[in-house]
Each structure stands twice: as structure tokens, then as C-alpha cells.
Amino acid sequence: RKSDVVSAGGLLDTSRYPVIDTAAGGSLQGIIAGLTKIIEITIPERNAIGGTLVIPGRGFICNEMDVVEYRNMLVIVRDRVQDLVRKGSTLQQVKAAGVTLDYDGVYGETRGPWTTDMFIDAVYREASARVGGRP
């Protein structure tokens, strides 16, 4: 208490794209909403540097601006995928379009339990459901 620290747990992983556990009802939109809530309760110091510390599930300790940048990256990727889905793109076409290319150097993984391809698959399925009229 009164330490000005937020533990984000698995909601924030500054070492890779977030794991979206769709089997348990997870969604990218849920992650974005959770990160937005964290941003609402954090307090920056001078020039938005410092202030409330945010402890991720994995990765470096963050401040409010780090969380904003991560959340904004997810919104950008989501919007890119949704735009391509609205235009009728297949999953393979979305991957070929390089929707995460400018973030892969920081968050991308080609091996391990959660890869960039798996992340794009999950985002694509969610976007397809939204564009198709389902929640």
C-alpha cells in the first residue's frame, strides 16, 4: 500500500506480444481494455517519466508511458488486421502484409510457446469474428 506500484501480471509482457488465451475466453480487446485501466490508475512524474511503477508478468519494469506505448502498439496491430479482414484478406494474406513488422524486432518470437504467428492467428480470428458481426 502507498508504494505507487501496479502489478500487471500476464496482462503486460514487454518481452513479446501478449499471449491471448482464447480457449479461456481471453481476447486482444480484453488485454487492451486492461492496459487502458492500468494507464488510468497510474500517475506519471515530470515529463511522463517515472511515477507509478508497473510490474509486468515478464520483461522490464515500466512506467505509465511504457504501458501506453505497448497498448498503442496492440491497437495499431488490431486496426491493421481489422482493416485487412474487412477487405476480405485471408490469414496468409494478413501475415504476408507484415502487420507486425515494425514491432517484431522488440516483441517478435519465431520459436517457443508463443510466436508472432500465433499472435497474428489469434488477432485474425478475433477480427474475423467482429467483422462477421459476432462480438
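Residues numbered from 1 in each chain as written. Predicted model: local features only at pLDDT ≥ 70, side-chain atom pairs only at ≥ 80, totals over all residues. Heavy atoms only, no water.

**Student:** Sorry if this is basic, but what is going on with the nonpolar core here?
**Tutor:** Taken as a class, soluble globular proteins show a tendency for nonpolar side chains to be buried jointly. The biggest cluster of nonpolar side chains holds 34 residues, and the ones touching the most others in it are Leu74, Val81 and Phe119. Those elements that provide at least two residues to this core are β1 (5-13), α1 (28-41), α2 (64-86), α3 (91-96) and α5 (116-131). At nine residues, α2 tops the list of elements feeding residues into this core. With residues up to four places along the chain from it excluded, the contact list for phenylalanine 119 reads Tyr17, Pro18, Ile20, Leu28, Leu74, Val77, Thr100 and Trp114. (Core = buried A, V, L, I, M, F, W, Y, C linked by side-chain atoms within 4.5 Å. Buried < 20%, exposed > 50% of the residue type's maximum accessible area, 1.4 Å probe, protein only. Helix = DSSP H or I, 4+ residues; strand = E, 2+ residues; numbered from the N terminus. Contact = heavy atoms within 4.5 Å.)

**Student:** Which parts of the structure should I look at to understand the pattern of salt bridges?
**Tutor:** In a structure, side chains of opposite charge can pair up when their charged atoms sit close to one another. The final tally for this structure, using the stated rule, is eight salt bridges. Across the pair arginine 58 and aspartate 13 runs a salt bridge, and its minimum N-O distance is 3.7 Å. Highlighted residues: arginine 58 in strand β2 (residues 53-58) and aspartate 13 in strand β1, separated in sequence by 45 residues. For aspartate 13, a relative accessible area of 7% gives the class buried. Residue glutamate 126 is joined to arginine 130 by a salt bridge in which the shortest nitrogen-to-oxygen separation is 3.9 Å. Residue glutamate 126 and its partner arginine 130 are located together in helix α5, separated by four residues, close to a single helical turn. Given the relative accessible area of 17%, glutamate 126 is considered buried. Look at the salt bridges and you will find they share partners, linking Asp13, Arg16 and Arg58 into a network. (Salt bridge = Lys/Arg side-chain N within 4 Å of Asp/Glu carboxyl O.)

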